[in-house]
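Listed below, chain by chain, are the residues.
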Amino acid sequence: MEKRELLYEGKAKRLFYTDDKDLLISEFKDDLTAFNGEKKSSEAGKGALNNKISTELFKLLDSKGVPTHFVEMLDDNHMLHKKVDVIMIEVIVRNIATGSLTRTLGIKDGTVLPFTLVEFDFKNDDLGDPKLNDQHCIILGLVDDVAELDTLRKMAREINDILLPYFADKGLNLVDFKLEFGKDSNGDIILADEISPDNCRFWDMETGEKMDKDRFRQGLGGLKVAYEQVLERILGSKQ
Ligand code: 5GP
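Cut-offs applied
- Residues numbered from 1 in each chain as written.
- Predicted model: local features only at pLDDT ≥ 70, side-chain atom pairs only at ≥ 80, totals over all residues.
- Heavy atoms only, no water.
- Salt bridge = Lys/Arg side-chain N within 4 Å of Asp/Glu carboxyl O.
- Helix = DSSP H or I, 4+ residues; strand = E, 2+ residues; numbered from the N terminus.
- Buried < 20%, exposed > 50% of the residue type's maximum accessible area, 1.4 Å probe, protein only.
- Pairing = 2+ DSSP bridges.
- Axes fitted to C-alpha atoms, helices over the stretch in contact; angles between N-to-C directions.
- Contact = heavy atoms within 4.5 Å.
- Near = heavy atom within 4 Å.
- Polar contact = N/O pair within 3.5 Å; in protein donor to acceptor, adjacent residues only side chain to side chain.
- Areas by Shrake-Rupley, 256 points an atom, 1.4 Å probe, with all protein chains shown as cover.
- Nonpolar A, V, L, I, M, F, W, Y, C, P; charged D, E, K, R; others polar.
- Core = buried A, V, L, I, M, F, W, Y, C linked by side-chain atoms within 4.5 Å.
- Expected span 1.5 Å × (residues − 1).
- Parallel < 35°, antiparallel > 145°, perpendicular 65-115°, else oblique.
- Left-handed = near helix turned anticlockwise from the far one by under 90°.

1. Some points on the pattern of salt bridges
Argument step 1. Inspection of the entire model under this criterion finds 29 salt bridges.
Argument step 2. Between Lys3 and Glu27 there is a salt bridge, with its nearest N and O atoms 3.1 Å apart. Highlighted residues: Lys3 in the segment before β1 (6-9) and Glu27 in strand β3 (residues 23-28), separated in sequence by 24 residues.
Argument step 3. The exposure class assigned to Lys3 is partly exposed, which follows from its relative accessible area of 32%.
Argument step 4. For Glu27, a relative accessible area of 17% gives the class buried.

2. Observations concerning the sheet that holds strand β2 (residues 13-17)
Argument step 1. As summarised here, the arrangement of the five strands in space is β1-β2-β3-β7-β6, forming an open sheet in which the pairing is antiparallel. Of all the strands in the sheet, just β1 and β6 (70-75) have a single pairing partner and so form its edges. Direction aside, the axes of adjacent strands within the sheet are offset by 25° on average.
Argument step 2. Sitting on the sheet, helix α1 (residues 46-63) is in contact with β3, β6 and β7 (78-82), with an inclination near 150° to β6.

3. Observations concerning the site of the ligand
Argument step 1. Taken together, 14 residues form the shell around the ligand, and within it Arg94, Ser100, Asp176, Arg201 and Arg217 come nearest.
Argument step 2. Between an oxygen atom of the ligand and a side-chain N or O atom of Arg94, the distance comes to 2.8 Å.
Argument step 3. In isolation the ligand has 490 Å² of accessible area, and contact with the protein removes 82% of it.
Argument step 4. At the level of elements, β9 (89-96), β12 (172-183) and β14 (200-204) are the ones that each hand at least two residues to the shell around the ligand.
Argument step 5. When the residues that make up the shell around the ligand are grouped by side-chain class, the tally is three nonpolar, three polar and eight charged.

4. Here we look at the side chain of Thr68
Argument step 1. Looking at the secondary structure, you find Thr68 in the loop between α1 and β6.
Argument step 2. One polar contact links the side chain of Thr68 to the main-chain amide nitrogen of Phe70, over a distance of 3.1 Å.
Argument step 3. When near neighbours in sequence (up to four residues on either side) are disregarded, Thr68 contacts Phe58, Leu61, Asp62, Lys82, Ile190 and Leu191.

5. Quick word on the nonpolar core
Within soluble globular proteins, side chains that are nonpolar generally end up buried alongside one another.
Argument step 1. Ile89, Leu179 and Phe181 are the most contacted members of the largest nonpolar core, which has 50 residues in total.
Argument step 2. Considering every element that reaches this core, the biggest residue donor is helix α4 (residues 146-168), with nine residues.
Argument step 3. Ile89 has contacts with Phe120, Asp121, Lys123, Leu132, Cys137, Leu142, Val143, Leu149, Leu152, Leu179 and Glu180, leaving out every residue within four places of it along the chain.

6. As for α4
Argument step 1. In this model, α4 (23 residues) spans 33 Å end to end at C-alpha, consistent with the 33 Å of a helix rising 1.5 Å per residue.
Argument step 2. Those residues of α4 that sit buried are Glu148, Leu149, Leu152, Met155, Ala156, Ile159, Asn160, Ile162, Leu163, Tyr166 and Phe167.

7. Things to note about the packing of α1 against α4
Argument step 1. Running from N to C, α1 and α4 point in directions that differ by 120°, and their axes come no closer than 11 Å. One way to sum up the angle between α1 and α4 is to call them oblique. The element α1 and its partner α4 pack so that their crossing is right-handed. Between α1 and α4, the residues in contact are Leu57, Leu60 and Leu61 and Ile159, Ile162, Leu163, Tyr166 and Phe167, respectively.
Argument step 2. Among the residues forming the contact of α1 with α4, the class breakdown is eight nonpolar, no polar and no charged.

8. What to know about α1
Argument step 1. With 18 residues, α1 extends 26 Å between its outermost C-alpha atoms, agreeing within 8% with the 26 Å of an ideal straight helix rising 1.5 Å per residue.
Argument step 2. Of the residues one or two after α1, Gly65 is the one with positive phi, at around 90°.

9. Thoughts on the side chain of Glu194
Argument step 1. Mapping Glu194 onto the fold places it in the loop between β13 (189-192) and β14.
Argument step 2. A relative accessible area of 4% means that Glu194 is categorised as buried.
Argument step 3. The residues touching Glu194, leaving out its near neighbours within four places in the chain, are Ala12, Lys13, Phe28, Asn50, Ser54, Phe58 and Asn199.

Shown next, in the form of structure tokens:
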């Protein structure tokens, strides 16, 4: 499948049409941004690592019955996937408190949450991705009804129930992550976007070392080595 004209360029990916109206190609970029685009950099090879990590995780989720947009990895930087109408909600799943949760609510960093927290952020850079409650989602017309929000919450928990033990087995704590969903040509809600260290937090279970984009956000260095390790651990014990 060949790339045709550019549909959209985001911070981490370019999206291209294909000859099939129901399929798109994502090109994973090496660009890194944080703090709503205020901090920018680039890391050669980062895009390919995220494409490979996402491919493995989409395959895992597919094999467990989670519907995703994934079709196939085309080459190092390109993924073929279904075209969806993106739901403009970032679904945030948290097992351990850190990041914006500790900043906004004062929960001590590293606190294991009594249950998995699922939150909604408005996918809107101009507004800085603010938090949403169910009523906001309906008023903004982001979903048709509360039942769709319940579907997002249910799918997010199912995905966490698969990924949390999967990464624990690889010595990584899945601290939190961001998911995006869309509606396919049948109107069904499926998982979209990517699952990578750009939008997940992984902490090494032994050392506590951060193995994700926080290395860039916090200026820790060693981002590529960390992403490579995440991929190696995934590939090392492929099921
Ligand atoms: P926080 O709200 O603490 O900044 O982020 C929670 C989790 O969601 C982290 O794993 C973070 O990587 C992910 N996340 C939240 N918002 C975004 C976003 O706009 N872009 C990306 N790539 N990840 C996000």
